[in-house]
Amino acid sequence: MDAEQFVGVTGIQSFPVVWSESFDPAALLGVFSHPSWVLLSPSGEVVERGVGGIDADSLLERAASI
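Reading guide: rules and limits
- Residues numbered from 1 in each chain as written.
- Predicted model: local features only at pLDDT ≥ 70, side-chain atom pairs only at ≥ 80, totals over all residues.
- Heavy atoms only, no water.
- Helix = DSSP H or I, 4+ residues; strand = E, 2+ residues; numbered from the N terminus.
- Buried < 20%, exposed > 50% of the residue type's maximum accessible area, 1.4 Å probe, protein only.
- Contact = heavy atoms within 4.5 Å.
- Patch = residues over 30% accessible without salt bridge, like charges linked within 9 Å, V, L, I, M, F, W, Y side chains within 5 Å.
- Areas by Shrake-Rupley, 256 points an atom, 1.4 Å probe, with all protein chains shown as cover.
- Salt bridge = Lys/Arg side-chain N within 4 Å of Asp/Glu carboxyl O.
- Polar contact = N/O pair within 3.5 Å; in protein donor to acceptor, adjacent residues only side chain to side chain.
- Pairing = 2+ DSSP bridges.
- pLDDT = per-residue confidence, 0-100.

1. Quick look at the overall build of the protein chain
Here's step 1: Scanning the protein chain for helices and strands turns up three helices and two strands.
Here's step 2: In sequence order, the protein chain lays out its α and β elements as α-α-β-β-α.
Here's step 3: Taken over the C-alpha atoms alone, the protein chain extends approximately 35 × 25 × 20 Å along its principal axes.
Here's step 4: The buried share among the 66 residues of the protein chain stands at 9%.

2. Some details on the environment of Val38
Here's step 1: Relative to the helices and strands, Val38 resides in strand S1 (residues 36–40).
Here's step 2: Residues Val38 and Arg49, spaced eleven residues apart in sequence, show a C-alpha to C-alpha distance of 4.3 Å.
Here's step 3: Not counting chain neighbours up to four residues away, the residues in contact with Val38 comprise Leu29, Val31, Val46, Glu48 and Arg49.

3. Looking at a nonpolar patch on the surface
Here's step 1: Residues Leu28, Leu29 and Leu40 make up a contiguous nonpolar surface patch of roughly 280 Å² in combined accessible area.
Here's step 2: Considering the arrangement of structural elements, one finds Leu40 in strand S1.
Here's step 3: Using a relative accessible area of 39% as the deciding quantity, one classes Leu40 as partly exposed.

4. Points about helix H3 (residues 56–64)
Here's step 1: Burial runs low along H3: only zero of the nine residues are buried.
Here's step 2: Put simply, Asp55 is the residue that caps the front of H3, since its side-chain oxygen is 3.1 Å from the backbone nitrogen of Asp57.

5. What to know about the pairing of S1
Here's step 1: In S1, alternate side chains face the same way, and those of Trp37 and Leu39 are buried while those of Ser36, Val38 and Leu40 on the opposite face are not.
Here's step 2: Bridging between S1 and strand S2 (residues 46–51) involves five bridges; their strand directions are antiparallel. Paired with Ser36 across the bridge in S2 is Val51.
Here's step 3: The antiparallel hairpin formed by S1 and S2 contains five residues in its connecting segment, where Gly44 sits at a positive phi of about 95°.

6. Section: the confidence of the model for the protein chain
Here's step 1: Model confidence for the protein chain is summarised by a mean pLDDT of 83, while 92% of its residues fall at 70 or above.
Here's step 2: Here helix H1 (residues 3–10) stands out as the least confident element of the protein chain, with mean pLDDT 78; S2 is the most confident, with 92.

7. Quick look at the pattern of salt bridges
Here's step 1: Going through the model one piece at a time under the given rule, you end up with one salt bridge.
Here's step 2: Between Glu48 and Arg62 there is a salt bridge, with the nearest N and O atoms lying 2.7 Å from each other. Of this pair, Glu48 sits in strand S2 while Arg62 is found in helix H3, placing the two residues 14 residues apart along the sequence.
Here's step 3: Classification of Arg62 by relative accessible area gives partly exposed; the value is 30%.

What follows is the structure, encoded as structure tokens:
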């Protein structure tokens, strides 16, 4: 299944979805399972990451602290 098919099946439309056959970008960000999330600073530094979903309020709270 490619990224477009995954988005179509899951209905995810709230954030960008990319696909890499090598999985290098995911490994670079420390993502080894799904769902996972990574919070980046404006300069691209990994600030926080987690496994599992995250609700909008929690995400906004974390982002506000950067």
